[in-house]
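Commentary on secondary and tertiary structure
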Amino acid sequence: MDEARMWAGVEQGRLRLADLLDALPPEDWERPSLCTGWSIRDVAAHVTANPQFGVGDWLREAARARGNFNRMIHDSARRRAQAPTGEIVAQLRNHAASRRVPPVPGAGPDSTIMDVLTHTQDIALALGQEPRIPPEDAAAGLGSLWKLKFPFNPRKNLAGMRFIATDTDWAVGEGAEIHGPASAFLLLFTNRKAAYEQLRGPGLPLAKAKQAA
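Report follows, based on the coordinates. (Residues numbered from 1 in each chain as written. Predicted model: local features only at pLDDT ≥ 70, side-chain atom pairs only at ≥ 80, totals over all residues. Heavy atoms only, no water.)

The interhelical angle for the contact between helix α3 (residues 40–47) and helix α6 (residues 85–94), taken along N-to-C directions, is 35°, at an axis separation of 9 Å. Between α3 and α6 lies a crossing whose hand is left-handed. Of the residues in α6, those touching α3 at R41, A44, A45 and V47 are T85, I88 and L92. Its residues assigned to classes, the contact of α3 with α6 comprises 5 nonpolar, 1 polar and 1 charged. (Axes fitted to C-alpha atoms, helices over the stretch in contact; angles between N-to-C directions. Helix = DSSP H or I, 4+ residues; strand = E, 2+ residues; numbered from the N terminus. Left-handed = near helix turned anticlockwise from the far one by under 90°. Contact = heavy atoms within 4.5 Å. Nonpolar A, V, L, I, M, F, W, Y, C, P; charged D, E, K, R; others polar.)

Take a look at the structure:
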């Protein structure tokens with residue numbers, strides 16, 4: 001998938017997430033997401049950062065967190081989550097077409113589409129909803145994830161398995177096979193246990209064991 005198509009997928013993904021959030025009653029915003037310790041409000045607010053933050057914003061957040069990446073992501077999301085829910089939805093819509101990326105090596109449209117689609121699932125699946133994730137867009141995000149070494153490293157942490165999408169032409173790895181929709185591999189590669197319900201194959205017990213270790 002070329003960059004223009006990936007950025008179109010990012011924009012469409014943000015708009016779909018905005019529509020999902022806009023329909024939520026107030027109490028659902030405070031429910032837990034698939035991200036441990038993060039509410040749906042926290043995750044939604046986090047997704048608004050990438051399309052708006054410039055280099056200076058990220059440097060300020062890093063300084064506040066004293067260089068701790070996980071703390072930076074968590075704390076910046078919590079601060080942004082203090083905004084009214086209507087404002088969070090409006091930010092997603094108003095900046096849906098933004099092509100800003102964090103100032104880190106490898107950041108681009110593939111990592112951005114991965115972020116949007118993974119967090120959409122964090123929210124929707126926690127609410128018992130089935131989000132619409134285009135398989136080709138999910139596969140583009142998986143390309144980014146498979147190259148990562150931080151904060152996730154699926155190539156190393158899930159070695160000895162072959163991952164095969166059942167809804168698009170995508171496969172990586174060598175070993176015991178795991179089959180399922182491309183969107184479920186976004187969850188598996190980012191250590192979301194909700195992925196297990198959607199995946200099948202002889203490699204699945206090995207994946208569970210490795211992620212539990």
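Take the sheet that holds strand β1 (residues 161–165) next. What links the strands of a sheet is backbone hydrogen bonding, and the strands pair in either a parallel or an antiparallel sense. The 3 strands are arranged β2-β1-β3 in an open sheet whose pairing can be described as mixed. The sheet is open, and its two borders are formed by β2 (171–173) and β3 (176–180), each paired with just one other strand. Averaged over all pairs of adjacent strands, the angle between their axes in this sheet comes to 15°, without regard to strand direction. Taken together, the 5 bridges between β1 and β3 define a ladder with parallel strand orientation. Bridge pairing links M161 to A176 in β3. (Pairing = 2+ DSSP bridges.)

Restricting attention to buried positions, one finds in α6 the residues I88, V89, Q91 and L92. Seen end-on, α6 carries its buried residues on one side only, within an arc spanning 155°. On its buried face, α6 is in contact with α1 (3–22), α2 (26–29), α3 and α5 (69–80). (Buried < 20%, exposed > 50% of the residue type's maximum accessible area, 1.4 Å probe, protein only. Arc of directions from axis to C-beta.)

So, on to the pairing of β1. In summary, the side chains of a regular strand alternate between the two faces of the sheet. Here β1 lies mainly inside the structure; 4 of its 5 residues are buried. As paired elements, β1 and β2 share 3 bridges and run antiparallel to each other. By the bridge assignment for β2, F163 is matched with V172. The turn linking β1 back onto β2 is made up of 5 residues.

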